[in-house]
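Breakdown of the fold
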Amino acid sequence: MVRDLSRLFRPRSIAVIGGGAWCAQVIEQSRRMGFEGAIWPVHPKARAVAGLPAFARLKDLPNAPDAAFVGINREATVEAVAALSQMGAGGAVCFASGFAEAQAEDDRSQAVQEKLIAAAGDMPILGPNCYGFINALDGALLWPDQHGAGRVERGVAILTQSSNIAINLTMQRRALPIAYTVTCGNMAQTTQAEIATGLLDDPRVTAIGLHVEGFADLRAWETLARKAHEKGVPLVAIKVGRSDQARAATISHTASLAGGDAGAQALLDRLGIARVGDLPGFLETLKLLHVTGALEADTLASVSCSGGEASLVADTAHGRAVRFPPLDPTQRETLRDVLGPRVALANPLDYHTYIWRDTEAMTRVFSAMTGPEIALTLLIVDYPHTDAADWDCATRAALETRMRTGRNVAVVSTLPELMPEDVAKQLIAGGVVPLQGLHEAIGAAQAAVRRSPPCPAPVALGRSGGMNRAAETLTEAEAKPALARHGLAIPRGGIALSVAGCTAEAVRLDPPLALKGVGVAHKSEAGAVRLNLDASEIEAAAADMPCDAFLIEEMVQGAVAELLIGVTRDPAHGFVLTLAAGGVLTELLEDSAWLLLPAARSDIEHALRGLRAFPLLAGFRGKAIADLGAVLDAIEAVQAYALANLDDLEEVEVNPLICTATGAIAADALIRKALE
C-alpha cells in the first residue's frame, strides 16, 4: 500500500495532543520558525497550551488536521490515533514509547503496537517512540526538543531512527541547508524507505541522506531507488550494525566471507545508493550533492599553494575510487603563462604563493584546472580563525572561477574547523561547495559519483524464516550432480560404496585421479582426500580413509586460477552471491565481491574483474588466459540452481572452481538445504 504523506510532512494545520513541556515545545518550534498555518492544542483540562487556546477534544477542532503530534501515553495514543484516522487527518507523529521496541521488558508491548497499527488504518503514522520531524522549508516542526535547523528555501532531507543523532545532525555548523529532518522511530507502520519515497514528491529536496539501522521491506527500498533515479535525486546512506549471520561457518568459506554486512553493501550497490562510513562524511557528501548534484565522473583536480598540501591530497585519495588526470597541453600553456617557469605543473598542483592576493591571476589558475574532463576541482584553502581577511582573495577567485567556467568547484579546508560558516554560506550562494576536512572531501567526491541505475529485477526472496533454520548438508557426490543439472561443469567420476568397489570405478577414468571420502565435512583434515592417483593405487588409499563410500574423479588439468562461487541466504537482504579467490587463496587474499540474486551477467563480470585475483584469469605474466565465458557460465549455473531452490536453500558453494584455458570445472561443491 502506498500512503500519501504530503499532508503530514507539508501541513497547513497542526494539532498538538497533550500538555507539558514536550507539547508546548512543538508549538513554540513551529511558531518560532514562522509556520503560517493553524496550530490547535488539544487537552481535556488546560484552557491554553503555550499561549494558544486549547480544544478539549479532537472532535472540537475546526477541521481534520493535516498533521498531529500525539504526546500522550501509549494507551491514550492508540485512542487518539483511532480518532484522528476516523476524522480524516493527514497523519500523526506518535511520541510515546513502550511499543514493540520495549518487547524485551514488557510482553504487552507488541500487542499495544498492533492495536496502534489497526487504529491508524490508512492514515500514516511516524514512530511510535520518535521525535517526529522538522520541515524547515515551511516552518512546520512536529518536534519536541532542541534543534539547530533554520528556515531554508531548498535543501537535503535526513532520515534516521535515532532522535539523538537527528538532533546532533541539525546542530551542524557546516552551512548544509537541511530541508527535512525525520526520525522514524520503530517504524510500526511507515518505514524509512516509504518516508523517503514520500519526500521525493517535494521538488525542493535536493538529496536524501539515510541513517539506516536495518532494511525492513526490501520492496519498499526498491521503489525508493527507482523513484529517486527517475527524479534525479541522489541518495546517500550510513548503514550501521552488522547482522548476526548465524551460519555454519565451520562448514564453508562462503558463510564467513558473506557474513557481517556484505548483504547490506550488495543491496546498496544494487539500488544505486552511495554509502559513507561516518557522520562528518555523511554531511559533506550531502552538501556536495546539494550544490552540484551527482558527479559525472571520478576525475578530480586539486589546487593548493603548498607542496605539503598537494602531497596530502594525493595521499588521501590513494586507494579511493577517484583519480587525478594529468594536465593537458592547453592547461599547461595557461598555467605556465600565469605562474611562470618556477612552478612545477602537475595535478595536484602546488601553485606556490607568487600570485596570492592577485584575484585575477588566481582565478585564471583555478579556471585552468577545471575542464570537461574534470568532475570536481578542489581548491585547498584553510581560513585562519585569527584574521581571515587576507584569504578573501581565495574566496573571490573561487566564486569567479565558478561563474566563468560553470564547472564544479569546491573550496576544501584540510582541517574541518578552518572553514568559517559565513564563508561557507557565501560559497554555497555562489554555487561553490565548501568541504570541511580533506578526508571528508575526498570521501564525499567518491560517494557523489553518479551511480548506475538501480537494478530493474527485484531482489530474490525465498520463504521467510530466521537465520537458524535446521538444515541438512548434501554430500559432494549429491551436490555436484544437482548443480550440473543447471549447467555447471563437473569432473568425470563415479561412486564406490565400498573399498572393494573402488578399482572398478577407477579403471573407467583417465588418471590422474582424485579419491574423496563421501560424507566427510573437512576432508583434508580427516585424511579423506587423496590426489594424483592412478587406478592401481585407489583401493589401498580408500582403505586408509575413515568412511565407507568414496567419490572417484578425474583431476582437472591445466589450471590457470581457482575461484570460489557461493550463495548464502541472508534473511535481511535476500541471497548473497559471493565471488572470491578460491582454494588455498580464499583466506590468504581476503579477496571477495558480493552481489544479490538475481545478478545480470554484465554485473557478475564487472564484480569478477574487480577481484585482485582477476589478473590470474587474464594471463598474468604471460601465462595462459582462462576461458572467461566458461567462468561466467559456471557462476550463472550456480545462480540458476539457487534461483530454482529459493524456498529451502541455505547455502551453496563451489570451491574451488578450476579455471582453465578451455573451461571452468567444479572440483568441490557443497549444498545446505533447510529441513522445513
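Before any of the text, the structure's been laid out above.
Residues numbered from 1 in each chain as written. Predicted model: local features only at pLDDT ≥ 70, side-chain atom pairs only at ≥ 80, totals over all residues. Heavy atoms only, no water.

1. Thoughts on the packing of aromatic side chains
We apply this condition: Pairing of aromatic side chains requires ring centres within 6.5 Å, counting the rings of Phe and Tyr and the six-membered ring of Trp. Pairs whose planes differ by under 30 degrees are stacked, by over 60 edge-to-face, and all others tilted. Think of it this way: any DSSP run of H or I at least four residues long counts as a helix, any run of E at least two long counts as a strand, and we number them from the N terminus. Partly exposed describes any residue whose relative accessible area lies between the buried limit of under 20% and the exposed limit of over 50%, with all areas from a 1.4 Å probe on protein chains only and scaled to the type maximum.
Counted according to the given criterion, the structure contains 10 aromatic pairs. Considering the side-chain rings of Phe-95 and Tyr-131, the 5.9 Å spacing of their centres and the 50 degrees angle between planes classify their relative orientation as tilted. You can see Phe-95 sitting in the loop between strand E6 (92-94) and helix H4 (109-120) and its partner Tyr-131 sitting in the loop between strand E7 (125-126) and strand E8 (133-135), a full 36 residues away along the chain. In this structure Phe-95 comes out as buried when scored by relative accessible area, which is 17%. Here Tyr-131 falls in the buried class, since its relative accessible area comes to 15%. Ring geometry for Tyr-351 against Phe-366: centres 5.9 Å apart, planes inclined by 80 degrees, an arrangement best described as edge-to-face. Here Phe-366 lies in helix H13 (residues 359-368) and Tyr-351 lies in the loop between strand E16 (349-350) and H13, a separation of 15 residues in the sequence. The two residues Tyr-351 and Phe-366 agree in class, both being buried. Aromatic rings pair up to connect Trp-22, Phe-69, Phe-95, Tyr-131 and Trp-143 into one cluster.

2. Here's the deal with the nonpolar core
Keep this limit in mind: Put simply, buried Ala, Val, Leu, Ile, Met, Phe, Trp, Tyr and Cys residues joined by side-chain atoms within 4.5 Å make one nonpolar core. By definition, residues are in contact when any of their heavy atoms lie within 4.5 Å.
Counting 66 residues, the largest nonpolar core has Phe-9, Leu-159 and Ile-208 as the members making the most contacts within it. Looking at this core element by element, the count peaks at six residues for helix H7 (residues 218-231). The contacts of Ile-208, once residues within four sequence positions are left out, are Ala-157, Leu-159, Ala-196, Leu-200, Val-233, Pro-234, Leu-235, Val-236 and Leu-286. With 44 residues, the next largest nonpolar core counts Ala-593, Leu-632, Ala-634 and Val-654 among its residues.

3. A few points about the pattern of salt bridges
Here is the rule: Only one rule defines a salt bridge in this text: a Lys or Arg side-chain nitrogen within 4 Å of an Asp or Glu carboxyl oxygen.
Per the stated rule, a full pass over the model turns up 33 salt bridges. For Arg-492, the salt bridge is made with Asp-510, and the minimal N-O distance between the two is 4.0 Å. Separated by 18 residues along the polypeptide, Arg-492 in the loop between helix H17 (476-484) and strand E21 (493-496) and Asp-510 in the loop between helix H18 (502-506) and strand E22 (513-517) bring together distant segments of the chain. One connected set of salt bridges, linked through shared partners, spans Glu-476, Lys-480, Lys-516 and Glu-553.

4. Remarks on the pairing of strand E2 (residues 38-42)
Where we set the bar: When the strands point away from the viewer, a crossover counts as right-handed if the route from the first strand across the helix to the second turns clockwise.
Burial analysis of E2 places four of its five residues in the buried class, which makes it a mostly covered element. In this fold, the crossover linking strand E1 (residues 13-17) to E2 by way of helix H2 (residues 20-32) has right-handed handedness.

5. Focus on the sheet that holds strand E5 (residues 67-70)
Using the following cut-off: For two strands to pair, DSSP has to find at least two bridges joining them. Structural elements are reduced to axes, namely lines fitted to C-alpha atoms, with helices fitted over the stretch in contact, and the angle between N-to-C directions of any two is expressed from 0 to 180 degrees.
Here we have five strands laid out as an open sheet, ordered E2-E1-E5-E6-E7, and parallel in their pairing. Either end of the sheet is taken by a strand with one partner, and the two such strands are E2 and E7. Judged from the four bridges that link them, E1 and E5 form a sheet pairing that is parallel. Of the residues in E5, the one forming a bridge with Ile-14 is Ala-67. Those strands touched by helix H3 (residues 74-87) are E1, E5, E6 and E7, and its axis lies near 170 degrees from that of E5.

6. Observations regarding the state of the cysteines
Filter applied, for reference: To count as a disulfide, a pair of cysteine sulfur atoms needs to be within 2.5 Å.
Applying the stated rule across the entire model yields zero disulfides. Not engaged in a disulfide, the cysteine Cys-23 finds its nearest cysteine sulfur in Cys-94; these two sulfurs lie 12 Å apart. Not part of a disulfide, Cys-305 finds its nearest cysteine sulfur in Cys-393, a span of 9.1 Å.

7. Comments concerning the environment of Ala-664
Within the secondary structure, Ala-664 sits in strand E29 (residues 664-666). By relative accessible area, which is 6% here, Ala-664 ends up buried. Spatially, the C-alpha atoms of Ala-664 and Gly-437 are 48 Å apart, while their sequence positions differ by 227 residues. Beyond its immediate chain neighbours, meaning those up to four positions away, Ala-664 contacts Ala-489, Ala-630, Val-631, Ala-634, Leu-657, Ile-658 and Cys-659.

8. Topic: the sheet that holds strand E10 (residues 155-160)
Spatially, E9-E8-E11-E10-E12-E13-E14 is the arrangement adopted by the seven strands of the open sheet, whose pairing is mixed. Strands at the two margins of the open sheet, each flanked by one partner only, are strand E9 (140-142) and strand E14 (274-275). Judged from the five bridges that link them, E10 and strand E12 (residues 205-212) form a sheet pairing that is parallel. The residue bridging Ile-158 from the neighbouring strand is Gly-209, located in E12. The sheet strands contacting helix H10 (residues 279-292) are E10, E12 and strand E13 (235-239), and the helix crosses E12 at an angle near 160 degrees.

9. Description of the packing of H10 against helix H16 (residues 438-448)
Selection criterion: Put simply, angles under 35 degrees are roughly parallel, angles over 145 are roughly antiparallel, angles from 65 to 115 are roughly perpendicular, and the rest are oblique. A clockwise turn of the near helix away from the far one marks a right-handed crossing, whereas an anticlockwise turn of less than a right angle marks a left-handed crossing. The nonpolar class holds Ala, Val, Leu, Ile, Met, Phe, Trp, Tyr, Cys and Pro. Asp, Glu, Lys and Arg form the charged class, and all remaining residues, Gly among them, are polar.
Axis separation between H10 and H16 bottoms out at 8 Å; the angle between their running directions is 55 degrees. Taken as axis vectors, H10 and H16 run oblique relative to one another. H16 is crossed by H10, and the crossing has right-handed handedness. Packed against H10, whose contacting residues are Pro-280, Gly-281, Glu-284, Thr-285, Leu-288 and Leu-289, the element H16 presents Glu-440, Gly-443, Ala-444, Ala-445, Ala-447 and Ala-448 at the interface. Looking at side-chain class alone, the contact of H10 with H16 contains seven nonpolar, three polar and two charged residues.

10. A word on the packing of helix H11 (residues 307-317) against H16
Contact pair H11 / H16: the axes reach a minimum separation of 10 Å and the direction vectors enclose 50 degrees. Here H11 is positioned oblique relative to H16, judged by the angle of their axes. The two elements H11 and H16 cross, and the hand of that crossing is right-handed. Only Leu-438, His-439 and Ile-442 of H16 make contact with H11, whose side of the interface consists of Leu-312, Val-313, Thr-316 and Ala-317. When grouped by side-chain class, the residues that make up the contact of H11 with H16 number five nonpolar, two polar and no charged.

11. Points about the side chain of Thr-299
Along the chain, Thr-299 falls in the loop between H10 and strand E15 (300-304). Excluding residues that lie within four positions of it along the chain, Thr-299 makes contacts with Arg-323, Pro-325, Glu-373, Ile-374, Ala-375 and Leu-376.

12. A closer look at helix H20 (residues 535-543)
Applied cut-off: In this context, the arc is that of the directions from the helix axis out to the C-beta atoms.
Looking only at H20, the buried set comprises Ile-538, Ala-541 and Ala-542. Seen from one end, H20 has its buried residues packed into an arc of 95 degrees, which puts them on one side. Of the exposed residues in H20, the ones pointing more than 90 degrees away from its buried face are Ser-536, Ala-540 and Ala-543. Tucked inside the fold, the buried residues of H20 contact H18, E22, strand E23 (529-533) and strand E24 (550-554).

13. Considerations on the side chain of Gln-189
As a reminder of what qualifies: Any N or O atom pair separated by 3.5 Å or less is treated as a polar contact, with the protein-specific requirement of one donor-capable and one acceptor-capable atom, and with residues adjacent in sequence counted only for side-chain atom pairs.
Tracing the chain through its elements places Gln-189 in the loop between strand E11 (178-183) and helix H6 (192-199). Accessibility expressed as a relative area gives 8% for Gln-189, which makes it buried. Here Met-123 takes part through its backbone oxygen, which lies 2.8 Å from a polar atom of the side chain of Gln-189. Not counting residues within four places of it along the chain, the set of residues in contact with Gln-189 comprises Arg-3, Ala-120, Gly-121, Met-123, Pro-124, Ile-125, Gly-127 and Glu-194.

14. Regarding unusual backbone geometry
Looking along the chain, the bond that leaves Pro-511 and enters Pro-512 is cis, with omega of 0 degrees. On the secondary structure map, Pro-512 appears in the loop between H18 and E22. Here the amide bond leading from Asn-655 into Pro-656 is cis, since omega sits at 5 degrees, within 30 degrees of zero. Look at Arg-357: it is not a glycine, yet its phi comes out positive at around 80 degrees. Along the polypeptide, Arg-357 turns up in the loop between E16 and H13. The exposed category is assigned to Arg-357, whose relative accessible area is 55%.

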